[in-house]
Amino acid sequence: MCGIVGYIGDKPAESVLLVGLERLKYRGYDSAGVAIIDDGDIIIRKSAGKLRVLDEILKENPVNGTIGIGHTRWATHGGPSTVNAHPHNDCKNKFAIVHNGIIENYALLKERLIQNSHIFKSETDTEVIVHLIEENYNGNFLESVVKTVSQLDGSFALAIISEYHPSSMVAVRKGSPLIVGKGDGENFIASDIPALVNLTKRIYYLDDKEIAVITRDDIQFYDFSGKEIKKEEKNISITDKLVDKSEYEHYMLKEIMEQPDIVASIIRERISGEEILFNKLNFDNNYLVKIGRIIIQAAGTSWHAGLLGKFFIEGFARIHTEVDISSEFRYRNPVIEGDTLVVAISQSGETADTIAGLREAKSKFIKVLGICNNMASTIARESDAVIDIMAGPEIGVASTKAYIAQVVSLFLFSLYMGKIKWALQPEDINMYINELKKIPEKIKEIVDKKDEIERLAEQYYNRNNFIFLGRSYNYPTAFEGALKLKEISYIHSTGYQAGEFKHGPIALIDENVPVVCIATQGEIYNKMVSNIQEVKSRDGNIIVIATEGDKQIQKFSDKVIYVPNTIDILSPILNVVPLQLLSYYIALKRGCDVDQPRNLAKSVTVE
Ligand code: F6R
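Just so you know, these numbers come straight off a predicted model, no measurement behind them.

### Quick look at the site of the ligand
- Around the ligand, the structure places 14 residues, and the nearest of them are Ser302, Ser346, Ser348, Thr351 and Glu487.
- Serine 346 has a polar side-chain atom sitting 2.6 Å from an oxygen atom of the ligand.
- Lysine 484 is positioned with one of its side-chain polar atoms (N or O) 2.9 Å from an oxygen atom of the ligand.
- Protein contact buries 90% of the 400 Å² of open area that the ligand shows by itself.
- Judged by the proximity of its atoms to the pocket grid, the ligand belongs to the second largest pocket.
- Secondary structure elements with two or more residues in the shell around the ligand: helix H10 (300–317) and helix H18 (475–489).
- Taken together, domain 2 (250–437) and domain 3 (440–594) each give at least three residues to the shell around the ligand, which thus spans both.

### Some remarks on the domain arrangement of the protein
- Taken domain by domain, the protein comprises domain 1 (3–241), domain 2 (250–437) and domain 3 (440–594).
- Between domain 2 and domain 3, the contact holds 32 residues from the first and 30 residues from the second.
- Both sides of the domain 2 and domain 3 interface together cover about 2700 Å² of buried area, and 79% of this is carbon and sulfur.
- When the buried surface of domain 2 facing domain 3 is broken down by residue, Met252, Pro260 and Phe311 rank first, second and third, together holding 19% of it.
- Counting every contact that joins domain 2 to domain 3 gives 0 salt bridges.
- Applying the counting criterion to the domain 2 and domain 3 interface returns 6 residue pairs in polar contact (both at pLDDT 80 or more).
- For the side of domain 2 that touches domain 3, the secondary-structure elements that each account for two or more residues are helix H7 (251–257), helix H8 (259–270), H10, helix H14 (401–420) and helix H15 (426–437).
- Of all the elements, H10 adds the most residues to the side of domain 2 that touches domain 3, at 9 residues.
- The class makeup of the residues in the side of domain 2 that touches domain 3 is 23 nonpolar, 7 polar and 2 charged.

### Topic: helix H5 (residues 141–149)
- Judged by how many residues are buried, H5 sits mostly within the fold: 7 of 9 residues are covered.
- Within H5, burial applies to Phe141, Leu142, Ser144, Val145, Val146, Thr148 and Val149.
- Check the buried side of H5 and you find it contacts strand E6 (95–103), helix H4 (127–136), strand E7 (154–162), strand E8 (165–174), strand E12 (210–214) and strand E13 (219–223).
- The backbone nitrogen of leucine 142 has a side-chain oxygen 3.0 Å away, supplied by the residue at the start of H5, namely asparagine 140.

### Quick notes on the sheet that holds E13
- On the basis of which strands lie adjacent, the open sheet formed by 7 strands has the order E5-E6-E7-E8-E12-E13-E14 and antiparallel pairing. A single partner strand is all that each edge strand has here, and the edge strands are strand E5 (88–89) and strand E14 (228–229).
- Pairing between E6 and E7: 9 bridges, direction antiparallel. Across the sheet, the residue bridging to glycine 101 is phenylalanine 156, located in E7.
- In this fold H5 packs onto E6, E7, E8, E12 and E13, with an angle of close to 25° to the strand it touches most, E8.

### A word on the sheet that holds strand E24 (residues 492–497)
- Strand order in the open sheet made by the 5 strands is E24-E23-E25-E26-E27, with parallel pairing throughout. Looking at which strands have only one partner, the edges of the open sheet turn out to be E24 and strand E27 (559–563). Strand-to-strand twist in this sheet, taken as the mean axis angle between neighbours without regard to direction, amounts to 20°.
- Note that strand E26 (residues 541–547) and E27 share 5 bridges and pair parallel. Following the sheet pairing, isoleucine 543 is matched in E27 by lysine 559.
- The strands touched by helix H17 (residues 450–460) within the sheet are strand E23 (465–470), strand E25 (514–519), E26 and E27, with E27 carrying the most contacts at an inclination of about 155°.

### Let's talk about the layout of surface pockets
- By volume, the second largest pocket amounts to about 540 Å³.
- Taken together, 27 residues form the lining of the second largest pocket, with Ala299, Gly300, Thr301, Lys602 and Val604 sitting closest to its centre.
- Elements represented by at least two residues in the lining of the second largest pocket include exactly H10, strand E20 (340–346), helix H12 (352–363) and H18.
- Classifying every residue of the lining of the second largest pocket by side-chain character gives 11 nonpolar, 11 polar and 5 charged.

### Observations concerning the pattern of salt bridges
- Counted according to the given criterion, the structure contains 32 salt bridges.
- Put simply, lysine 231 and glutamate 210 hold a salt bridge, and the shortest N to O gap is 2.7 Å. In this pair, lysine 231 is assigned in the loop between E14 and strand E15 (234–235) and glutamate 210 in strand E12, connecting sequence segments 21 residues apart.
- Accessibility expressed as a relative area gives 10% for glutamate 210, which makes it buried.
- Two residues, glutamate 337 and arginine 293, come together in a salt bridge whose shortest N-O distance is 3.7 Å.

### Some remarks on the pairing of strand E3 (residues 41–48)
- Sheet topology places strand E2 (residues 31–38) next to E3; 8 bridges connect them, and they run antiparallel. Bridge assignment links glycine 33 to a residue of E3, and that residue is lysine 46.
- The antiparallel hairpin formed by E2 and E3 contains 2 residues in its connecting segment, where aspartate 39 sits at a positive phi of about 55°.

The rules behind each value
- Residues numbered from 1 in each chain as written.
- Predicted model: local features only at pLDDT ≥ 70, side-chain atom pairs only at ≥ 80, totals over all residues.
- Heavy atoms only, no water.
- Near = heavy atom within 4 Å.
- Polar contact = N/O pair within 3.5 Å; in protein donor to acceptor, adjacent residues only side chain to side chain.
- Areas by Shrake-Rupley, 256 points an atom, 1.4 Å probe, with all protein chains shown as cover.
- 1 Å grid on protein atoms, 1.4 Å probe; cavity = no way out; pocket = protein on both sides within 12 Å on 5 of 7 lines; lining within 4 Å.
- Sits in = over half its atoms within 2 Å of the grid points.
- Helix = DSSP H or I, 4+ residues; strand = E, 2+ residues; numbered from the N terminus.
- Domains from an automatic or database assignment.
- Contact = heavy atoms within 4.5 Å.
- Buried area = accessible area lost by both parts, 1.4 Å probe.
- Salt bridge = Lys/Arg side-chain N within 4 Å of Asp/Glu carboxyl O.
- Nonpolar A, V, L, I, M, F, W, Y, C, P; charged D, E, K, R; others polar.
- Buried < 20%, exposed > 50% of the residue type's maximum accessible area, 1.4 Å probe, protein only.
- Pairing = 2+ DSSP bridges.
- Axes fitted to C-alpha atoms, helices over the stretch in contact; angles between N-to-C directions.
- Points joined across faces, edges and corners; volume = space filled by probe spheres on them.

Spelled out as structure tokens, the structure:
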């Protein structure tokens, strides 16, 4: 949700900033801009539209200079227009700022600043910050920033440059993520690590309420009172292979295709012989054995993984588990007792709603387990213990490989809890592990059939509505299939629990609505077949995800996508894969921007 970069060194800032923004565009892409100090003057170039528009503007009208800041935006306050694009400047163009987050008290501040004769150009909350800095400036850059942040409510990551101080830039973090990269005679600011790939491996994670003052050769850190603090340098090992599209047209397809390897590597990391390893988990077994209730809270696709987590935890460890949407959990004053564990699932680890849920739990002295793909994220750092899902950077806005990695991680954690709670026999655990070990090869079989799914997409891409049905372990798969389709193809689609469908939604059925039914072999297979027949007898157009070898299902369906057989409880991991591919190809055929769907951003850092 908005990407920030900053550069100071001896290279042309323009090109370094563009490279960084290109890597961060998954965080927002409705407008972009840079501010560079060129011969003592701040020059701003910005535009509504994708980064390539800014790229064109800079090609026609380049800016020289070796210090600058850049931004790629996901609009919150003020629509996605050129005037609302960042950077923003003060009345005299002495300061320029880029911002990720939300200033909650901006309306009051703006009113007061206007009374003090400040002239605003945009409708953004961000612009108040730069006018406040202008007002608070007393010759000392840091002091004016320290005073300004004390006047702001909300969350913000900021990068600021000033004509008064052409050899330094300031980075600020409260709530929204920000890192500082250390180079040789050059330094960087970025919202996230991918922006710094190939630029530096040495980074500092800014913590909440910290400020960095950065010159070419030096980085000093301060707290919000302006007191200097020391921070530890970290080394990152991310390679461009992980953040490049390789031979694929889109990140989404690349990430779908990576899934067999990701599951295989989680298994390698977490299973040794008959043991499930969570040895880096910061909870000891004496604590885990006493857990009496679990509340999972998450958003979007991560919430769907949480819905499966409930099946796994209750099934394996017999611990009562609830699953909440973070934005609801956070405001409903949940009843939580001492033996409850709250689990926060988040790919990015920066989702504002999920962070708020985590803090709600901690305010009630409840322990939180984070399940994250970014171990440097806010959720990973604020949780009492963290499970790294090890999916590698996910760049496509629609989550695919992270979902599968979350589900596999939850599956293994639940088995681990089942063992600790003596709720599972060792032979059962071994059976589940052995079945899980076969999953990577089976996902591979499905992704290898992508051409078949592309042909199916060809027949359905022009429909206006889709319905997804699943039961038991696969109703979350139906929800996830519907979310994938709607977010990247803009086709209206909804997932239902198939048994619930007859209680109203079945009225939606006619021959124009494709109904994707997940009917792989398992305990409720016959019930699912009955539900399919209910739809068929009302002229529904049925696409079924079925287990290889199931011939009878063809009688009730218009199309069948076959997936390999597995045990019921692992079937969601396989069944979601054709749905990801179907969404991908439908969106592609509709001419949609698959990796950057409209109105969305990869990491939703506002509530
Ligand atoms: C959908 C998608 C979103 C995210 C949601 C939570 O494809 O990616 O629904 O799952 O915004 O994000 P994280 O997992 O980063 O907390």
